[in-house]
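Below, each chain spelled out in residue letters.
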Amino acid sequence: MADAEATKRLSSKKQTLDDAYAAPANFLEIDICNPQTHGIGRTRYSDYEVRMKTNLPVFKLKESCIRRRYSDFEWLRNELERDSKIVVPPLPGKAWKRQLPFRHDEGIFEDEFIEERKKGLEVFINKIAGHPLAQNERCLHMFLQDAVIDKNYVPGKVRSV
């Protein structure tokens, strides 16, 4: 009889349309979009717009939109590997062969390559930002919300307000 009591279904309240279409209790949305290539010759680089929307209390801003280069993503990954207790997913590859001289295309500045990298960076940042332990890391907050990354910051946890 005790087994039947332990496995009895919980009574559930019928969901209304208002409940079904209400804002989720907690959300964190990050999109990588609008890639742009800047400069010429050796100073040429691409960056990406990182848009974040959230209602998580740990983030001071509920919406942000900043631009980041691939090297900024590398910095974030290195900081998380060094200071956090999470397993950090890999970044999309460096594409060394695309950077060789005497290619007959745009190499890492080809639209197709930039689009693939954009998708990979979006998967990377969403995996990290979705991890509850990473959400408290100061480097992630700086990456997602500060216009300029302070590379001399003091690593640590962010305190909820």
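So, how was this worked out
Residues numbered from 1 in each chain as written. Predicted model: local features only at pLDDT ≥ 70, side-chain atom pairs only at ≥ 80, totals over all residues. Heavy atoms only, no water. UniProt positions renumbered as here; feature names shortened; annotations may be inferred. Helix = DSSP H or I, 4+ residues; strand = E, 2+ residues; numbered from the N terminus. Buried < 20%, exposed > 50% of the residue type's maximum accessible area, 1.4 Å probe, protein only. Contact = heavy atoms within 4.5 Å. Areas by Shrake-Rupley, 256 points an atom, 1.4 Å probe, with all protein chains shown as cover. Salt bridge = Lys/Arg side-chain N within 4 Å of Asp/Glu carboxyl O. Pairing = 2+ DSSP bridges. Axes fitted to C-alpha atoms, helices over the stretch in contact; angles between N-to-C directions.

If you check an unreviewed UniProt entry, the protein chain appears there as Sorting nexin-3 from Priapulus caudatus. One UniProt comment on the protein chain, placed under Function (unreviewed entry), says "Required for retention of late Golgi membrane proteins. Component of the retrieval machinery that functions by direct interaction with the cytosolic tails of certain TGN membrane proteins during the sorting/budding process at the prevacuolar compartment. Binds phosphatidylinositol 3-phosphate (PtdIns(P3))." Per UniProt, the comment on the protein chain under Sequence similarities (unreviewed entry) is "Belongs to the sorting nexin family."

**Student:** Before we go on, may I ask you to explain the overall build of the protein chain in this structure?
**Tutor:** Helix and strand content of the protein chain: five helices and three strands. Beginning at the N terminus, the succession of helices and strands in the protein chain can be written as α-α-β-β-β-α-α-α. The 161 residues of the protein chain split such that 34% are buried. Across the protein chain, every contact between residues at least 6 apart in sequence was considered, and the portion connecting residues at least 24 apart equals 53%. Total accessible area computed for the protein chain in this model is approximately 11,200 Å², and 53% of it derives from carbon and sulfur atoms.

**Student:** Just checking my understanding: could you explain the pattern of salt bridges for this structure?
**Tutor:** Note that side chains of opposite charge can pair when their charged atoms are close. Summed over all chains, the structure comprises nine salt bridges. Between Glu49 and Arg67 there is a salt bridge; the shortest N-O distance is 3.6 Å. One end of the pair, Glu49, is in strand E2 (residues 45-54); the other, Arg67, is in strand E3 (residues 63-69), and 18 residues separate them in sequence. The class for Glu49 is buried, based on a relative accessible area of 10%. Judged by relative accessible area, which is 26%, Arg67 ranks as partly exposed. In this structure, the salt-bridge partner of Arg82 is Glu79, at a minimum N-O distance of 2.5 Å. Of this pair, Arg82 and Glu79 both sit in helix H3 (residues 70-83), three residues apart, which is roughly one turn of that helix. Salt bridges sharing partners connect three or more residues here, namely Asp47, Glu49, Arg51 and Arg67.

**Student:** Mind showing me how you'd approach the sheet that holds E3 here?
**Tutor:** The pairing of strands in a sheet comes from backbone hydrogen bonds and takes either a parallel or an antiparallel form. Spatially, three strands are ordered E1-E2-E3 in an open sheet, and the strand pairing comes out antiparallel. The open sheet is flanked by strand E1 (28-38) and E3, the only strands paired with a single partner. On average, each strand axis in the sheet is inclined to that of its neighbour by 20 degrees, with strand direction left out of account. Two elements, E1 and E2, share nine bridges in a ladder whose sense is antiparallel.

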